[in-house]
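Listed below, chain by chain, are the residues.
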Amino acid sequence: MANSNENTDDVEMLDISSSMSKENDVPIQSKIPDAVPKSTLIKHTPWLEKYRPTKLNDIVGNEEAVSRLSHFAQQGNLPNIIISGPPGCGKTTSVLCLARQMLGDAFREAVLEMNASNDRGIDVVRTKIKMFAQSKVSLPKGRHKIIILDEADSMTEGAQQALRRTMELYSKTTRFALACNASDKIIEPIQSRCAMLRYSKLNDEQLLKRLVEITKFEQVSYTSEGLEAIIFTAQGDMRQAINNLQSTVFGFGHVNSENVFKVCDEPHPILIRDMIEKCIQSDLDEAYKAMNHLWRLGYTAEDILSVIMRVTKTYQMSEFMQLEFIREIGLTYMRVSQGVESQLQLSSLLARLCQRASSNSH
Ligand SMILES: Nc1ncnc2c1ncn2[C@@H]1O[C@H](COP(=O)(O)OP(=O)(O)OP(=O)(O)O)[C@@H](O)[C@H]1O
Ligand SMILES: [Mg+2]
């Protein structure tokens, strides 16, 4: 936690340290100063922050990329890096762990973190980033100051252009770590100055392992279907998984699939499963009834389609039919995302799925 005599002017730096504990394996709540009633803080710390890994070793998944980062942390000579990947897979966490592991106690003085909540136009590159790069900080041999540009894909192009030269000019003392969702939004010259690390979504086992750890620690009452439901809704996003777990626990006190889908406000996959089954039996009337029921519950075409797609991908059926189904669902998804979000589109999808199923069975 922040030390009272340390510089508290810099909001970004405070953000980092408040989300991380120094000794690694210790959950963050045990580091809370005695003056603050612990129960209040623990209750109000989002689990996301409470269980944000503090060591590279604790980061789940993307082993290859993380092991490269660990290597950099040991060697010290960090190149400029870009970490890109989908939301909630641990990019920001990795960069913070790396910086902490590399710089140890010098972390506060030697790291500048900027994210999309800061103004990051060209002026910021010219002033704040340059000033930090020029500032003198005594570091162990072979270590560099680190400028973390989180959500770098939201930097303006002008700012990115201004960064090109800055990166080179101060390369003796300062290294850049960029994290972003879409690496194609980073201009080519910056990409060519950086080592690119690509993160991917986490798989179900990786999410499950982490969720089980948290449920044990929080003494959550859960069923295995409940955790499966969380994994189903999270779609490889650890942030969403942990958030949904906490919301369900706080909302219902017990994690089962019903509560999870209530909290996440998604159509229950069992209903969708039934609907697909009716399509496979070419029973359009029943399939339509199931869809109509979901529509009346207030789900949008996009909500319904997203679950239909995910359920179809794991449904046991002939491969040919599965591919045909996915194709039809994809085409409907496209129309809906172009703005034709009507019940008619869903009805037409069901009709086409029934047709595919019947022509396939002949
Ligand atoms: N690989 C992981 N291992 C363990 N926890 C993770 C992992 N990825 C995400 N988390 C959890 O999710 C939270 C958010 O992760 P993080 O901020 O690193 O995501 P991100 O990849 O930077 O996402 P975004 O692209 O939205 O910024 C963390 O606080 C942590 O609790
Ligand atoms: Mg992030």
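Refer to the preceding data block for the structure.
Cut-offs used in this document
- Residues numbered from 1 in each chain as written.
- Chains lettered and ligands numbered in written order.
- Predicted model: local features only at pLDDT ≥ 70, side-chain atom pairs only at ≥ 80, totals over all residues.
- Heavy atoms only, no water.
- Phe/Tyr/Trp six-rings, centres within 6.5 Å; stacked < 30°, edge-to-face > 60°.
- Helix = DSSP H or I, 4+ residues; strand = E, 2+ residues; numbered from the N terminus.
- Buried < 20%, exposed > 50% of the residue type's maximum accessible area, 1.4 Å probe, protein only.
- Core = buried A, V, L, I, M, F, W, Y, C linked by side-chain atoms within 4.5 Å.
- Contact = heavy atoms within 4.5 Å.
- Near = heavy atom within 4 Å.
- Polar contact = N/O pair within 3.5 Å; in protein donor to acceptor, adjacent residues only side chain to side chain.
- Areas by Shrake-Rupley, 256 points an atom, 1.4 Å probe, with all protein chains shown as cover.

## Some thoughts on the packing of aromatic side chains
Working definition: an aromatic ring pair is given by the centre-to-centre distance plus the angle between the planes.
Here comes step 1: Taken as a whole and assessed by the stated rule, the structure comprises three aromatic pairs.
Here comes step 2: A centroid spacing of 6.1 Å and a plane angle of 80 degrees characterise the contact between tryptophan 47 and phenylalanine 250, whose relative ring orientation is edge-to-face. Of this pair, tryptophan 47 sits in helix α3 (residues 47-50) while phenylalanine 250 sits in helix α12 (residues 238-252), and the two are 203 residues apart along the sequence.
Here comes step 3: Measuring from ring centre to ring centre gives 5.9 Å for tyrosine 51 and phenylalanine 217, while their planes differ by 80 degrees; the resulting arrangement is edge-to-face. Here phenylalanine 217 lies in helix α10 (residues 204-218) and tyrosine 51 lies in the loop between α3 and α4 (63-75), a separation of 166 residues in the sequence.

## Some points on unusual backbone geometry
Here comes step 1: A positive phi is found at glutamate 151, a non-glycine position, where the angle reads about 50 degrees.
Here comes step 2: Under the relative-accessibility criterion, glutamate 151 is labelled partly exposed at 32%.

## Some remarks on the nonpolar core
Here comes step 1: Counting 28 residues, the largest nonpolar core has Leu56, Leu69, Ile81, Leu98 and Ile146 as its most contacted members.
Here comes step 2: When contributions to this core are tallied by element, the ones reaching two or more residues are α4, β1 (81-84), α5 (91-103), α6 (107-110), β3 (145-149) and β5 (195-198).
Here comes step 3: In terms of residue count, α5 provides more of this core than any other element does, seven residues in total.
Here comes step 4: Those residues within four positions of isoleucine 146 in sequence are excluded, and the remaining contacts are Leu78, Ala99, Met102, Leu103, Ala110, Val111, Leu112, Phe132, Arg175 and Ala177.

## Thoughts on the site of ligand 1
Here comes step 1: Taken together, 20 residues sit near ligand 1, with Leu48, Val60, Lys91, Thr92 and Thr93 positioned nearest.
Here comes step 2: One of the backbone nitrogen or oxygen atoms of glycine 88 is found 2.9 Å away from an oxygen atom of ligand 1.
Here comes step 3: For ligand 1, whose accessible area on its own is 630 Å², the fraction buried by protein is 95%.
Here comes step 4: Secondary-structure elements contributing two or more residues to the shell around ligand 1 are α5 and α12.

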